[in-house]
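Summary of structural features
The primary structure of each chain is shown beneath.
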Amino acid sequence: MTRLRRTATAAAALAFTAAATAVLGFAGPASAHVTVNPKEATQGGYARVAFRVPNESDTASTTKLEVVLPENAPVGSVSTMPVPGWTVTTEKRKVDPPIEVHGSQLTEAVSKITWTASGDAGVKPGQFQEFPVSMGPLPQVDSMVFKTLQTYSDGNISRWIDDPAPGAEEPEHPAPVLTLAAAAAPSGSATPTAAVASPDDDDDDDDGNGLAVGLGVAGLVAGLAGLVLGGLAFARTRREPVAKA
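Structural notes, computed from the coordinates. Just so it is clear, the structure is predicted and the values come from calculations on it, not from any experiment.

**Topic: the pattern of salt bridges**
Once their charged atoms are close, side chains differing in charge can pair, the charge on each being opposite to the other. A complete count under the given rule lists five salt bridges for this structure. Glu 66 is the salt-bridge partner of Lys 112, the closest N and O atoms lying 2.8 Å from each other. Placement of the pair is Lys 112 in strand S7 (residues 104-117) and Glu 66 in strand S4 (residues 62-68), with a sequence separation of 46 residues. Lys 94 serves as the salt-bridge partner of Glu 108, at 3.5 Å between the closest nitrogen and oxygen. Of this pair, Glu 108 sits in strand S7 while Lys 94 sits in strand S6 (residues 86-101), and the two are 14 residues apart along the sequence. Judged by relative accessible area, which is 36%, Glu 108 ranks as partly exposed.

**Quick notes on the sheet that holds strand S12 (residues 177-181)**
If you trace the three strands from one edge of the open sheet to the other, you get S2-S12-S9, paired in mixed fashion. This sheet does not close on itself; its edge strands, each paired only once, are strand S2 (40-42) and strand S9 (143-145). Taking each pair of neighbouring strands and ignoring which way they run, the sheet shows an average axis angle of 25°. As paired strands, S9 and S12 are joined by three bridges and run antiparallel to one another. Directly across from Val 145, in S12, lies its bridge partner Val 177.

**A closer look at unusual backbone geometry**
Note that the residue after Asn 37, namely Pro 38, is joined by a cis bond; omega there is -5°. Structurally, the position occupied by Pro 38 is in the loop between strand S1 (35-37) and S2. Within the chain, His 102 stands out as a residue other than glycine whose phi angle is a positive 55°.

**Quick word on the sheet that holds strand S3 (residues 47-54)**
Pairing within the open sheet is antiparallel, and its four strands lie in the order S1-S3-S8-S5. Two strands lie at the open edges of the sheet, namely S1 and strand S5 (77-80), each paired on one side alone. The mean angle between the axes of side-by-side strands here comes to 30°, regardless of whether they run parallel or antiparallel. The pairing of S3 with strand S8 (residues 128-136) spans eight bridges and is antiparallel. Of the residues in S8, the one forming a bridge with Val 53 is Gln 129.

**Thoughts on the packing of aromatic side chains**
Summed over all chains, the structure comprises four aromatic pairs. With a centroid separation of 4.9 Å and an interplanar angle of 80°, the aromatic rings of Trp 86 and Phe 131 are classed as edge-to-face. Taken together, the positions of Trp 86 in strand S6 and Phe 131 in strand S8 put the pair 45 residues apart, joining distant regions of the chain. With respect to class, Trp 86 is no different from Phe 131; both count as buried. Geometrically, the ring pair formed by Trp 115 and Phe 131 is tilted, given 5.1 Å between the ring centres and 45° between the ring planes. Of the two residues, Trp 115 is situated in strand S7 and Phe 131 in strand S8; the sequence distance between them amounts to 16 residues. Residue classification places Trp 115 among the buried positions, given a relative accessible area of 1%. Judged by relative accessible area, which is 0%, Phe 131 ranks as buried. Among the aromatic residues, those joined into a cluster by ring pairs are Phe 51, Trp 86, Trp 115, Phe 131 and Phe 146.

What counts and what doesn't
Residues numbered from 1 in each chain as written. Predicted model: local features only at pLDDT ≥ 70, side-chain atom pairs only at ≥ 80, totals over all residues. Heavy atoms only, no water. Salt bridge = Lys/Arg side-chain N within 4 Å of Asp/Glu carboxyl O. Helix = DSSP H or I, 4+ residues; strand = E, 2+ residues; numbered from the N terminus. Buried < 20%, exposed > 50% of the residue type's maximum accessible area, 1.4 Å probe, protein only. Pairing = 2+ DSSP bridges. Axes fitted to C-alpha atoms, helices over the stretch in contact; angles between N-to-C directions. Phe/Tyr/Trp six-rings, centres within 6.5 Å; stacked < 30°, edge-to-face > 60°.

What follows is the structure, encoded as structure tokens:
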């Protein structure tokens, strides 16, 4: 009897939780959003990034993606990788001062990239698609915020345009953010510093060298003297008659 009562109580609790969730919308996973991957790159360099687009609709496909490049961080070179079933167009704007790329001064920069699905190539429910882009030289800023519009086949548009706030929770519709780190300083080899000998060390070396030279000369003289004396003794021995027995 007690076991039946506990089972009934648990079932009632589950039913109440389900009803509350359905009516009030309490539970449920956080919605996915458009992101840029990888999330970090280096200032002044080139990066290959991909805008990852999940489909959040249960009934419609994603048919268009519009990515706006930040005005405060223009990039001189932007190129896209072909995505099967999608066409891509770019828009440009004037920049002042010009951007220097490989010694050339560019007065225009890409301001917007638009991908549009052809036929049945849209991102379907439960799927995601990546849209790769190569860009650089990356500007000398801490981050790049790409405001993005995601259009569905039923006409609905998800606007991922909210700027992140440092130290705050993620906004409801966050824009993709690429964090830029400062380039590492070149690891130049240190120039070796010549050792400077102290005067005392020089004197010691000179004394040692002088002593060695003196000993060498003295040994040479002694050797020559020995040879001379030996020669004289040999010559004297040959001149003296041998004594008869």
